[in-house]
Amino acid sequence: MDALNERQVCVVRVDPASVGVGLMFGAYLIDGQAEWTGRLQTPSRDVALGEIGAVYFRRPNPYLARFSHLPQQARDFAATEARYGLGGVLNSLLKATYVNHPISVTRADYKPAQLQMAVQHGLSVPATLITNDPERARKFAAKHGPVIYKSFRGAPRPADGNTAAIWTQRIKEEDLDESVTVTAHMFQREVNKTADARVTVVGRSVFASRITTPDGALDWRRGNWDELIHEPIAVPDAVARALHAYLDGFGLAFGCFDFALEPDPNDHTAGAWTFIECNPNGQWGWLPDSDAIAHAFADVLTEGWR
């Protein structure tokens, strides 16, 4: 927002889940128009739909939270109507550049689709099994071990409202019992990494940090982020081209990519880049080059990204 304000761009911050007295709207499609017209009104802002030139879609609150005071049936109805009504209008602004469009985010949020897209564009991906069959899981572990387990979406928020997480963890073959049948699991060959890389792509700009932990943790997210060691790292040209092709494949303007860096016995400064995942709505504010990333977002929102 600061970067946009510096450019004298009008910024309106809206949480769709504020629908009600905190967010009033009216959208019209009349007289043969092919574009929604009308206005969004918050206690501090009033904007015409036709004046919206760009949308930065950044994890709005769920509609259900707005209607938690209602009985379940009424809550579910109100939330669904808000999502498909107000959300449907906000997702259909013909003149707007979306970073990223909610539908594109949804498509790109599925890890099976991510891994497949990465391979299609030449990125290296660990051997992977998605299954609920313990026998298949045991055979995979025997063949590709050591293996790790990763959740598809992480832990749901507990009743106390605190944030919960399931970190990437090593799995032993003998641990793969009948509980595997309960739901879907993802197992991967563990990458013999020396560090991780976080690559943030905004439009055609690429920002990358090599991330190491003092204790060499399997999952760098699970510890104190203040102890992480960030170093700038150059992204190989072939990898950078693949990242742009990956984003284009999903219709995304922005993505946060995670790679495991494997050692190269012939060159300690290089090594193999193994794709882990891409968050199409990821965090970047803690990175050392976050100011430059913010200005890259401002460029995309004001100038487009194609």
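Quick note: structure is the one above.
Not measured: the values here are computed from a predicted model.

Okay, the overall build of the chain next. If you tally the helices and strands in the chain, you get 8 helices and 14 strands. With the principal axes as the frame, the chain shows a C-alpha extent of 65 × 45 × 40 Å. Here the chain, with 306 residues, has 40% of them falling under the buried criterion. Between the mean site of the 30 positive side-chain charges and the mean site of the 36 negative ones, the chain shows a separation of 3 Å.

This paragraph deals with the packing of helix H5 (residues 111-120) against helix H7 (residues 237-250). Their axes nearest at 9 Å, the elements H5 and H7 cross at an angle of 130°. Relative to H7, the element H5 is oriented oblique. Seen from above, H5 lies across H7 with right-handed handedness. Contact residues: H5 offers Ala113, Gln114, Met117 and Ala118, while H7 offers Tyr246, Gly249 and Phe250. Its residues placed into classes, the contact of H5 with H7 shows 5 nonpolar, 2 polar and no charged.

Before going further, it helps to examine the nonpolar core. Val199, Tyr246, Phe257, Phe259 and Phe275 are the most contacted members of the largest nonpolar core, which totals 26 residues. Mapped by element, the contributors of at least two residues to this core are H5, strand S10 (195-202), H7, strand S13 (254-262) and strand S14 (272-279). Per element, the largest residue contribution to this core is 7 residues, and it comes from H7. When neighbours within four sequence positions are excluded, phenylalanine 275 is seen to be in contact with Gln114, Leu115, Ala118, Leu123, Ser124, Val125, Pro126, Tyr246, Phe257, Asp258 and Phe259.

Turning our eyes to something else, we now look at the sheet that holds strand S12 (residues 229-232). Taken together, 5 strands build an open sheet; the order of strands is S12-S11-S10-S13-S14 and the sheet is antiparallel. If you trace the sheet from one side to the other, it starts and ends with S12 and S14, each paired once. Sheet twist, expressed as the average angle between the axes of neighbouring strands with direction ignored, equals 30°. On top of the sheet, helix H8 (residues 290-303) reaches S10, strand S11 (205-212) and S13; it is set at about 30° to S10, its chief contact.

Turning next to H7. Along an α-helix, a turn takes 3.6 residues, which lines up residues three or four apart on a common side. End to end, H7 covers 20 Å across 14 residues, agreeing with the expected 20 Å (1.5 Å per residue, within 8%). What H7 keeps buried is the set Val239, Ala240, Ala242, Leu243, His244, Tyr246, Leu247 and Phe250. On its buried face, H7 sits against helix H4 (102-108), H5, S10, S11, S13 and S14.

On to empty space enclosed by the protein, then. By the definition in use, this model includes 2 cavities of 30 Å³ or more. The calculated volume of the largest cavity comes to roughly 270 Å³. Contributions of two or more residues to the lining of the largest cavity are made by strand S7 (147-150), strand S9 (185-189), S13 and S14. In terms of residue class, the lining of the largest cavity is made up of 7 nonpolar, 2 polar and 9 charged.

Right, let's talk about the sheet that holds strand S8 (residues 169-171) for a bit. Spatially, the 4 strands line up as an open sheet ordered S6-S9-S7-S8, and their pairing is antiparallel. In the strand order of this sheet, the two ends are held by strand S6 (128-131) and S8, each with one partner. If you compare each strand with its neighbour and ignore which way they point, the axes differ by 35° on average. Note: S7 against S8, 3 bridges, orientation antiparallel. Its bridge partner lying in S8, valine 147 is registered against isoleucine 171.

Along the polypeptide, asparagine 281 turns up in the loop between S14 and H8. The buried category is assigned to asparagine 281, whose relative accessible area is 6%. Here the side chain of asparagine 281 touches phenylalanine 57 through a polar contact of 3.3 Å, landing on its backbone oxygen. Once you skip the residues sitting within four places of it in the chain, asparagine 281 turns out to touch Phe57, Arg58, Arg59 and Phe254.

The rules behind the values
- Residues numbered from 1 in each chain as written.
- Predicted model: local features only at pLDDT ≥ 70, side-chain atom pairs only at ≥ 80, totals over all residues.
- Heavy atoms only, no water.
- Helix = DSSP H or I, 4+ residues; strand = E, 2+ residues; numbered from the N terminus.
- Buried < 20%, exposed > 50% of the residue type's maximum accessible area, 1.4 Å probe, protein only.
- Lys, Arg positive; Asp, Glu negative; His and termini not counted.
- Charge placed at Lys NZ, Arg CZ, Asp CG, Glu CD.
- Axes fitted to C-alpha atoms, helices over the stretch in contact; angles between N-to-C directions.
- Parallel < 35°, antiparallel > 145°, perpendicular 65-115°, else oblique.
- Left-handed = near helix turned anticlockwise from the far one by under 90°.
- Contact = heavy atoms within 4.5 Å.
- Nonpolar A, V, L, I, M, F, W, Y, C, P; charged D, E, K, R; others polar.
- Core = buried A, V, L, I, M, F, W, Y, C linked by side-chain atoms within 4.5 Å.
- Pairing = 2+ DSSP bridges.
- Expected span 1.5 Å × (residues − 1).
- 1 Å grid on protein atoms, 1.4 Å probe; cavity = no way out; pocket = protein on both sides within 12 Å on 5 of 7 lines; lining within 4 Å.
- Points joined across faces, edges and corners; volume = space filled by probe spheres on them.
- Polar contact = N/O pair within 3.5 Å; in protein donor to acceptor, adjacent residues only side chain to side chain.

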